Amino acid sequence: MEQYLELSGISKAFPGVQALKDVGFRATGGKVLALLGENGAGKSTLLKILSGDIKPDEGKIVLNGRELSFRSPHDALKSGISVIYQERQLMSAMSVMENIFAGDIPVKNGIVDYKTLKRETKKIIDQFGLPIDPETPVMFLSIAHQQMVEIMKAYRRDSLVIAFDEPTAPLTDTEIEILFNLIRRLKEQGKIILYVSHRLKEIFEVTDEIVVLKDGRFVTHVNTAETNEQDLIKYMVGRDIGDTYANLSRNDKYGDVLLEVNNLTTYAVHDVSFSLRKGEVLGFAGLVGAGRTEVMRAIFGADPIISGEIKLEGKKVEFKTPKDAIDAGIALCPEDRKEQGLVLWRSIEDNIIMPFLDKVRKWPFLDFKKSERVTIEAIKKYDIKTPTIDKIVVELSGGNQQKVILGRWTSSLVNTKLLILDEPTKGIDVGTKAEIYQMVCDLAKEGLGVIFISSELTEVINVADRIIVMKDGTITGEVLREEATEEKVLALAMASN
Amino acid sequence: MDNFTRISTFKKAIRSKAFPLLILFVIMIVLFTALAPLNDANFLTTRTFISILRDLSVPGFLAIGAGCLMVSGGIDLSQATVAAMTGVTIAVSVGWWNLPWYAAVIIALLIALCIGLVNAILVNELNMMPFIATMAMSTVTRAVMMLIATDQTGQMQGSINYNNPTLTLIGNYEIGGFLPATIIAMIIAFIFYGLLLSKTKFGRSVYLIGGNPMAARLAGINSKKTSYILFMNCSLMGGLAGLIYTSRVKQGSLSAMATDQFTGLTAAILGGISFGGGSGGMGGAFIGLLVIKTFNKGMTIIGASSYVTNVLSGALLLAALSFDYYSQRRQRKRIGA
Ligand SMILES: Nc1ncnc2c1ncn2[C@@H]1O[C@H](COP(=O)(O)OP(=O)(O)OP(=O)(O)O)[C@@H](O)[C@H]1O
Ligand SMILES: [Mg+2]
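About the criteria used
- Residues numbered from 1 in each chain as written.
- Chains lettered and ligands numbered in written order.
- Predicted model: local features only at pLDDT ≥ 70, side-chain atom pairs only at ≥ 80, totals over all residues.
- Heavy atoms only, no water.
- Disulfide = S-S within 2.5 Å.
- Axes fitted to C-alpha atoms, helices over the stretch in contact; angles between N-to-C directions.
- Helix = DSSP H or I, 4+ residues; strand = E, 2+ residues; numbered from the N terminus.
- Contact = heavy atoms within 4.5 Å.
- Salt bridge = Lys/Arg side-chain N within 4 Å of Asp/Glu carboxyl O.
- Phe/Tyr/Trp six-rings, centres within 6.5 Å; stacked < 30°, edge-to-face > 60°.
- Buried < 20%, exposed > 50% of the residue type's maximum accessible area, 1.4 Å probe, protein only.
- Lys NZ or Arg CZ within 6 Å of the ring centre and 35° of its normal.
- Core = buried A, V, L, I, M, F, W, Y, C linked by side-chain atoms within 4.5 Å.
- Pairing = 2+ DSSP bridges.
- 1 Å grid on protein atoms, 1.4 Å probe; cavity = no way out; pocket = protein on both sides within 12 Å on 5 of 7 lines; lining within 4 Å.
- Points joined across faces, edges and corners; volume = space filled by probe spheres on them.
- Nonpolar A, V, L, I, M, F, W, Y, C, P; charged D, E, K, R; others polar.
- Domains from an automatic or database assignment.

Turning our eyes to something else, we now look at the state of the cysteines. The final tally for this structure, using the stated rule, is zero disulfides over all chains. Here Cys68 of chain B stays free of any disulfide, with the sulfur of Cys234 of chain B as its closest cysteine sulfur at 8.7 Å.

Structure below.
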């Protein structure tokens, strides 16, 4: 008997937005079905409906001929549907094993059976081939490993339907490979798999069919083998955007040296030296945990420096707090939007003016006209999908949340000399990605120095003028764009010094 | 969808957590007005409301200080003790040591500020949890207060009387002979802190720190400074409450205002300031207090026994908190967060 999941006529409205309108398609067992669409197209909303977290206004979910209706996420799990959310849902103070077995902790005589719990968790971790200790609290793991714990949690439940919402966004190649092997294995077992990602490369690598959504509506359902990138982009965006990288208009005139880092050592990085000129886009590549983020945090005054010096425009600087760095003209767009970037339960407006409260003042109050103007500018610049400027950020789609952070640090209020972007395109759709690359180049033309960290190799070697590669907290090499290939960068990222 | 306007202030007010309380307030007025004649009394009079507002001024100051701090994600359990300490210090200074009243007030308020400062240091420099740090400070303060309240014969006095007409006037002066000045002071304070929280740079930082301290720090918001200000302000408000109370009852008392701490906190929570921080405001806290005090007053007027009043006010609190919990869960559900 063929297993299938059929959605029909699914609609869902939020105040001011029609997130989904009459969406329907059929996913079959043993196949991976991709859900594709721009930021805010309704992909996550659809998955949240599948997981019983949100009730649809209309529509039917049928699994193997049986119509399902959920009163809670628990019902969906019982019916055999597991969804791995875009935003991590782990209990961060609890151990890995408690998270993986949450809801089904083994008990013996009414007491938690830690032995079994640990053994079973170890089994799963070994199947994945990951260096994770079952007893570590989740908050001490890297973001990539936290994401893998999330995936193991769903795997452990052995559900018939498994849906992944942008699972690879926080991962690097090593974990992505592990994940893809897992997906292939699940496929062989005949599971029904849904897969959301903005990375087309992955879509072609791992999926069999593709459903495209646009503005909450179904656009098309195609076989992956019978389509190509150009067509998909056209379905998603509604127009041709051409070759993202070839069409970039870059800066070719560099100014003086802007930033000089000499022998920087912190708790996480060792003896890091590099320099950046005005107008230059400097890429940082490496695997997760290579120490790229930590270098930037030290420059930004967020982490203490053990030794080494930092010079900005030739002058030695010592930032005690991020505020000092911001005042000196440095902006850091952090990689983890939920933890470090956004105040989720506050408005878009608050999140955008956050670092510049001083500049939106009309004594003694805030200048609400000005802050409204600045916010609307950012919303328009990045095409953030929202009905009002005071929508709370937690209600935005993942990609649109990321755009709020970008909008903050590139707003007209900033007098930035150095812009540090840590994984800025995480969760951003193809069309907007192209715009972000162009924005980076435009800022460089204006004379800013830009540091661009990305774990997507293609992206970093095509956008940056020069790429520094890190591993285990040290710099292992440097390549110019003209000579950069993925192999070369990867070899440096995995070099055994 | 092209001119991304704001939600109107009116809509915001309706959606706020304090709005159901406002409705509750109106319902209570109607009920008490209807029931009062059964007890041969009258509820709907100016006197009733003046008396409600007067009862509200001491916990009002407490709620202002505690509320602002809670919006930033902090909490202060020593505030009521600070209030009592202020009262005792003033009474002892004036009644036993014969200091001028203003010197007594200044000394007492400085002590209050110092306790706030210590709280802030414990939390910010020693990274103690606010809950624990301020609880410990409350114990220490109480001990010091007992020491101060010990007279020459080595006897600890539960309450210390003083005789100073000027000092007594602070809490008892009535404008035009009927409107207590403390009401005006409290209302001005609520408006001042309300504007501070909702309209100024400082206020905005308080909300952002309460919402996500790490993100706030990375966006250059000085959370340490803000925390110091809020802890010290919380204690200072405790001090002002203590001053008004002591002036009103003409004595300093070791056990004064012990329950007002919880009235203040409860009101703040009822009004939408959550324990986690980042939400709510002064308007909500005020309405929260208004509801609590109106209920107590109304019950007295209709002649309910204090036993019934206590049971019902407990029930009211539970109902309000579960409503809050329910609406929050519904909101989270809508968002799928
Ligand atoms: N709880 C909510 N309240 C209000 N609007 C919401 C809520 N959740 C989602 N939306 C809106 O619904 C639309 C669809 O959001 P959804 O998260 O499904 O998009 P998505 O396709 O997953 O986008 P992304 O690629 O950015 O993750 C967006 O416009 C979003 O702002
Ligand atoms: Mg999404």
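Now, onward.
Contact geometry for helix H8 (residues 181-199) of chain B and helix H13 (residues 282-301) of chain B: axes closest at 8 Å, N-to-C directions at 145 degrees. Two secondary-structure elements touch here, H8 of chain B through Met186, Phe190, Tyr193, Gly194 and Leu197 of chain B and H13 of chain B through Met282, Ala285, Phe286 and Leu289 of chain B.

For side chains of opposite charge, pairing can occur when their charged atoms come near one another. All names here are of chain A. Going through the model one piece at a time under the given rule, you end up with 38 salt bridges over all chains. The salt bridge partner of Arg184 is Glu205, with a shortest N-O separation of 3.6 Å. Of the two residues, Arg184 is situated in helix H6 (residues 173-188) and Glu205 in helix H7 (residues 200-206); the sequence distance between them amounts to 21 residues. Residue Glu478 is joined to Arg466 by a salt bridge in which the shortest nitrogen-to-oxygen separation is 2.8 Å. Highlighted residues: Glu478 in strand S24 (residues 474-480) and Arg466 in strand S23 (residues 466-471), separated in sequence by 12 residues. Three or more residues joined by partner-sharing salt bridges are found here, namely Arg199, Glu202, Lys433 and Glu456.

The full count for this structure, using the stated rule, is 14 aromatic pairs over all chains. Centroid distance Phe180 of chain A to Tyr195 of chain A: 6.4 Å. Interplanar angle 65 degrees. Geometry classified as edge-to-face. Taken as a pair, Phe180 of chain A in helix H6 and Tyr195 of chain A in strand S10 (residues 192-196) lie far apart in primary sequence, 15 residues in all. For the pair Phe180 of chain A and Tyr195 of chain A, one class covers both residues: buried. Three or more aromatic residues joined by ring pairs make a cluster, and in this case those are Phe32, Phe43, Phe49 and Phe295 of chain B. The aromatic ring of Tyr4 of chain A is capped on one face by Arg26 of chain A, whose charged end is 3.9 Å from the ring centroid.

Residues and elements named next belong to chain A. Position of Arg88 relative to the elements: it lies in the loop between strand S6 (81-84) and helix H3 (96-100). Of the residues examined, Arg88 reaches a relative accessible area of 18% and is grouped as buried. Between the C-alpha atom of Arg88 and that of Lys426, which follows or precedes it by 338 residues, the distance is 14 Å.

Cis peptide bonds are those with omega within 30 degrees of zero, and the linkage from Trp363 of chain A to Pro364 of chain A qualifies with 0 degrees. In this structure, Asn98 of chain B is a non-glycine residue whose phi angle is positive, near 55 degrees.

What follows is about the nonpolar core. Within the largest apolar cluster, 97 residues are counted, with the highest numbers of intra-cluster contacts made by Leu259, Phe274 and Ile451 of chain A. Excluding residues within four positions of it along the chain, Leu259 of chain A makes contact with Phe274, Ser275, Leu276, Ile299, Ile310, Lys311, Leu312, Leu418 and Ile451 of chain A. If you look at the next biggest cluster of nonpolar residues, it comprises 65 residues, including Ala36, Phe61, Met186 and Ile292 of chain B.

Once that is clear, we can look at the sheet that holds strand S17 (residues 315-317) of chain A. Hydrogen bonding along the main chain pairs the strands of a sheet, whether they run parallel or antiparallel. Residues and elements named next belong to chain A. Strands sit in the order S14-S13-S16-S17 across an open sheet of four strands; the sheet is antiparallel. If you trace the sheet from one side to the other, it starts and ends with strand S14 (272-277) and S17, each paired once. Across this sheet, the average inter-strand angle for adjacent strands is 20 degrees, counted without regard to direction. As defined by bridge partners, strand S13 (residues 257-265) adjoins S14 across five bridges and the pair is classed as antiparallel. Bridge assignment links Leu259 to a residue of S14, and that residue is Leu276. Here helix H9 (residues 292-299) sits on the sheet and contacts S13, S14 and strand S16 (307-312); the angle it forms with S13, its principal contact strand, is near 110 degrees.

Residues and elements named next belong to chain A. One pass over the structure, following the stated rule, counts five cavities of 30 Å³ or more. The computed volume of the largest cavity comes to approximately 180 Å³. Together, 16 residues line the largest cavity, and Gln86, Glu87, Arg88, Arg337 and Lys426 are the ones closest to its centre. Contributing elements (two or more residues each) for the lining of the largest cavity: helix H5 (143-157) and helix H11 (337-341). For the lining of the largest cavity, the class distribution of residues is four nonpolar, three polar and nine charged. The two domains that each donate at least three residues to the lining of the largest cavity are domain 1 (4-237) and domain 2 (257-493). Approximately 80 Å³ is the volume attributed to the second largest cavity. The wall of the second largest cavity is formed by Glu166, Thr168, Ala169, Ser197, His198, Arg199, Thr425, Lys426, Gly427, Ile428, Lys433 and Glu456. Taken together, the residues of the lining of the second largest cavity sort by class into two nonpolar, five polar and five charged. Per-domain counts for the lining of the second largest cavity show at least three residues from each of domain 1 (4-237) and domain 2 (257-493).

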